[in-house]
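Structure at a glance
Now for the letters of each chain:
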Amino acid sequence: MSTRPETLLTPEQYLEIERHAETKSEYFHGRMYAMSGGTGNHAFLATNILIALGAALRGTNCRAVNSDLRVRTSQSGLYTYPDAMILCGAPHYVDSHADVLTNPTVIFEVLSPSTAAYDRGAKFHSYRQIESLKEYVLVAQDACTVERFERQPGNRWLLSIHSGMDGTLDLSSVSCSLPLASIYTGVDIGSVD
């Protein structure tokens, strides 16, 4: 039995495959990982976030971005599809295809039981490499709870937790606030994916 070394993909090879694929895949250090589809609660939360952000950011130089646009964390690191992002100013893309963003200001991930540890750990570690990123927001599905990490001087990250339907998520980097009720509208937090 012979064991051949695994052939790793370059970011360019990944993008060539991904741009023609019918399903989404993440890329991390030479490997592609298929992304599973979301559930109702996941989709409702992501949509509510985008609606609330669209209203809150209207008239500013920032805009909400959905999960159709990939983000790259570093030259050879993670390429992924955040559930929602905020982009301020002009977008910076990897190439002329304009489908891989490199300068998000805020990233949102909706937590699922199967991805929560990854979103808090390795993925957050990768996201911290994005120089433009000011805030990282994790949205729970099993409770009305949002965790916000804000970049501090010295590349430290400060955690604040917002909870309850009367709570508010304050995004200081873009000077806006989102009522948690607007994020959790129509979401059955009693049924976790």
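Residues numbered from 1 in each chain as written. Predicted model: local features only at pLDDT ≥ 70, side-chain atom pairs only at ≥ 80, totals over all residues. Heavy atoms only, no water.

**Side note on the packing of aromatic side chains**
Tallying each qualifying case throughout the model produces 8 aromatic pairs. Look at Tyr-27 and Tyr-79: their rings are 5.5 Å apart centre to centre, the planes differ by 85°, and that puts the pair in the edge-to-face class. Taken together, the residues Tyr-27 in strand β1 (residues 25-28) and Tyr-79 in strand β5 (residues 78-80) connect sequence positions 52 residues apart. Since its relative accessible area comes to 2%, Tyr-27 is described here as buried. Classification of Tyr-79 as buried rests on a relative accessible area of 2%. Among the aromatic residues, ring-to-ring pairing joins Phe-124, Tyr-127, Tyr-136, Phe-149 and Trp-157 into one connected group. It is Arg-128 that lies over the ring of Phe-124; its NZ or CZ is 4.6 Å from the centre. (Phe/Tyr/Trp six-rings, centres within 6.5 Å; stacked < 30°, edge-to-face > 60°. Helix = DSSP H or I, 4+ residues; strand = E, 2+ residues; numbered from the N terminus. Buried < 20%, exposed > 50% of the residue type's maximum accessible area, 1.4 Å probe, protein only. Lys NZ or Arg CZ within 6 Å of the ring centre and 35° of its normal.)

**A closer look at the layout of surface pockets**
When its volume is computed, the largest pocket comes out at roughly 750 Å³. Lining the largest pocket we find 30 residues, and of these Met-35, Ser-36, His-42, Asp-83 and Thr-115 sit closest to its centre. Of all the secondary-structure elements, those providing two or more residues to the lining of the largest pocket are β1, β2 (31-34), α2 (40-57), β8 (106-110) and α3 (116-120). A per-element tally of the lining of the largest pocket places α2 first, with 5 residues. Residue composition of the lining of the largest pocket, by class: 12 nonpolar, 11 polar and 7 charged. (1 Å grid on protein atoms, 1.4 Å probe; cavity = no way out; pocket = protein on both sides within 12 Å on 5 of 7 lines; lining within 4 Å. Points joined across faces, edges and corners; volume = space filled by probe spheres on them. Nonpolar A, V, L, I, M, F, W, Y, C, P; charged D, E, K, R; others polar.)

**Topic: the side chain of Arg-70**
Tracing the backbone through its elements, the reader meets Arg-70 in strand β4 (residues 70-72). At a separation of 2.5 Å, a polar atom in the side chain of Arg-70 contacts the side chain of Tyr-81. (Polar contact = N/O pair within 3.5 Å; in protein donor to acceptor, adjacent residues only side chain to side chain.)

**Some words on the state of the cysteines**
As enumerated under the stated definition, the model contains 1 disulfide in all. In this model Cys-62 forms its disulfide with Cys-88; the gap between the sulfur atoms is 2.0 Å. The sign of the 105° torsion about the S-S bond sets the Cys-62-Cys-88 disulfide as right-handed. Here Cys-62, found in strand β3 (residues 62-65), pairs with Cys-88, found in strand β6 (residues 84-88); they are 26 residues apart in sequence, far enough to count as distant. Accessibility expressed as a relative area gives 10% for Cys-62, which makes it buried. Left without a disulfide partner, Cys-144 is nearest to the cysteine sulfur of Cys-176, which lies 17 Å away. Judged by its relative accessible area of 10%, Cys-144 is buried. (Disulfide = S-S within 2.5 Å.)

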